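Tertiary structure, described
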Amino acid sequence: MLSVEGLEVRYAHRDGALRAVDGVDLTVGRGETVGLVGESGCGKSTLGKAILRLVEPIGGRVAIDGVDVAGLKGDRLLAFRRRVQFVFQDPYASLNPRRTIGEILDGALAVHRLGDRPTRRHRVREILDRVGLPADAVDRLPHEFSGGQRQRIGIARALVLSPDLIVLDEPVSALDVSIQAQILNLLVDLKREFGLAYLFVSHDLSVVRYIADRVLVMYLGRIVECADHHVLFGEPRHPYTRALVDAVPLPDPRRPRAAIVAGDIPSAARPPSGCRFHPRCPLAIGRCADEVPSMREIAPGHAVACHLA
Ligand code: SF4
Ligand code: MG
């Protein structure tokens, strides 16, 4: 359904152009959940936003059902913006504090000219109920809700438009572990019920492991490994993925989290030559500093960008 080819995003930076997303390819099938993982600063949120043109890519192609999104105008652009929704890490920052939840959801429907006022009112109540918010939420303001409820509001605002795909940027990262589980279960149920596809962006591998069918691992603006989630967590082949998988803590929140990978993530303004992971890679060989490893399929559906794979 969604295909992204060679997507590039740069930001201005004091050291020059920061290559936040540097030639990324990915696909999301109908009804599929694709997890996108990596350390903070690797460009994964920017990638999610660039797909929806919330940030403007400087190169590459985003297509939905084979149609290039860049060429869409008028009603067809509006239709794309309805079909592909975004849920933010901090829903509160993206909710107008002076509008009630009912007005926020109704506003989304009105922009897309979906139904007259009574139809929209009915639809809003139906969706609020479906995401587990009380009926009186329609008349209340965002600040009256807890973090978990605000994320339900963010999900409701996306869902009310009957999307086919939702890009979720760290949707549970700001929440307590028990609330995280409730929101993840809600997302799983909604996906089944409405046939949704998700692009689920997270730095938290245990969350991605729970929710994703397929996982992409991103490092400094590039995808370094892609596989079905059983394969990715069972037989990771890229040294970076292996380090991430080894660092996943046991499900006991009192235990301190291991550092993900030794060494700091280098700046995307001055990325290392060759394989960008080479300064931190325990297996690096001579050519790693010079030659960029390309993504190669090593088994059906499993691709790795590493000279040793
Ligand atoms: Fe490590 Fe070299 Fe593979 Fe990069 S290409 S991950 S530096 S072994
Ligand atoms: Mg982010």
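Right above here is the structure, for reference.
Residues numbered from 1 in each chain as written. Chains lettered and ligands numbered in written order. Predicted model: local features only at pLDDT ≥ 70, side-chain atom pairs only at ≥ 80, totals over all residues.

Digging into the pairing of strand β3 (residues 33-37)
Here β3 lies mainly inside the structure; five of its five residues are buried. Judged by which residues are buried, β3 turns out to be covered on both faces: Thr33, Gly35 and Val37 on one side and Val34 and Leu36 on the other are all buried. Sheet analysis places β3 next to strand β9 (residues 214-219), joined by four bridges and oriented parallel. The partner of Val34 across the bridge, within β9, is Arg214. (Buried ≥ 20, exposed ≤ 12 C-beta atoms within 10 Å, placed from the backbone. Helix = DSSP H or I, 4+ residues; strand = E, 2+ residues; numbered from the N terminus. Pairing = 2+ DSSP bridges.)

A closer look at the site of ligand 1
Within the structure, ligand 1 sits among 13 residues, and Cys275, His278, Cys281, Cys288 and Cys306 are positioned closest to it. For the shell around ligand 1, the residue count by class is 10 nonpolar, three polar and no charged. (Near = placed C-beta within 6 Å. Nonpolar A, V, L, I, M, F, W, Y, C, P; charged D, E, K, R; others polar.)

Focus: the environment of Pro236
Following the sequence through the fold, Pro236 ends up in the loop between α8 (229-234) and α9 (239-246). Taking the C-beta count within 10 Å as the criterion, Pro236 has 21 such neighbours and is therefore assigned buried. For the pair Pro236 and Val304, spaced 68 residues apart in sequence, the C-alpha separation works out to 9.2 Å. With near-sequence residues (within four places) excluded, Pro236 lies in contact with Glu225, Thr241, Arg242 and Val245. (Contact = placed C-beta atoms within 7 Å.)

Notes on unusual backbone geometry
Phi at Arg53 is positive, roughly 60°, even though this residue is not glycine. Examined against the element boundaries, Arg53 turns out to sit in the loop between α1 (44-51) and β4 (59-64). According to the C-beta neighbour criterion, Arg53 is partly exposed, with 16 such atoms within 10 Å. With phi around 50°, Arg113 is a residue other than glycine that occupies positive phi space. Looking at where Arg113 falls in the secondary structure, it is placed in the loop between α3 (101-111) and α4 (117-130). Judged by the 10 C-beta atoms lying within 10 Å of it, Arg113 falls in the exposed class.

As for α1
Most of α1 sits inside the fold, with eight of its eight residues counted as buried. Of all the residues in α1, the buried ones are Lys44, Ser45, Thr46, Leu47, Gly48, Lys49, Ala50 and Ile51. Remark: Arg53 follows α1 within two positions and exhibits a positive phi of approximately 60°.

Examining the sheet that holds strand β7 (residues 165-169)
With respect to topology, eight strands assemble into an open sheet ordered β6-β7-β8-β3-β9-β10-β12-β11, the strand pairing being mixed. Of all strands in the sheet, those bounded by a partner on one side alone are β6 (84-87) and β11 (296-299). Averaged over neighbouring strand pairs, the angle between their axes works out to 20° when direction is ignored. Pairing geometry for β9 and strand β10 (residues 222-228), over six bridges, is antiparallel. What sits directly across from Leu216, in β10, is Cys226. (Axes fitted to C-alpha atoms, helices over the stretch in contact; angles between N-to-C directions.)

Let's talk about the sheet that holds strand β5 (residues 67-68)
Across the sheet, which stays open at both edges, the four strands sit in the order β2-β1-β4-β5 with antiparallel pairing between neighbours. Two strands lie at the open edges of the sheet, namely β2 (18-28) and β5, each paired on one side alone.

So, the packing of helix α5 (residues 147-159) against helix α6 (residues 177-194)
With their axes 10 Å apart at the nearest point, α5 and α6 run at an angle of 15° to one another. Our classification of the angle between α5 and α6 gives roughly parallel. Between α5 and α6 the crossing geometry is right-handed. For the pair α5 and α6, the contacting residues are Gly147, Gly148, Gln151 and Leu159 in the first and Ile179, Gln182, Ile183 and Leu190 in the second. Here the contact of α5 with α6 is built from residues that sort into four nonpolar, four polar and no charged. (Parallel < 35°, antiparallel > 145°, perpendicular 65-115°, else oblique. Left-handed = near helix turned anticlockwise from the far one by under 90°.)

Keep in mind these numbers describe shape, not what the thing actually does.
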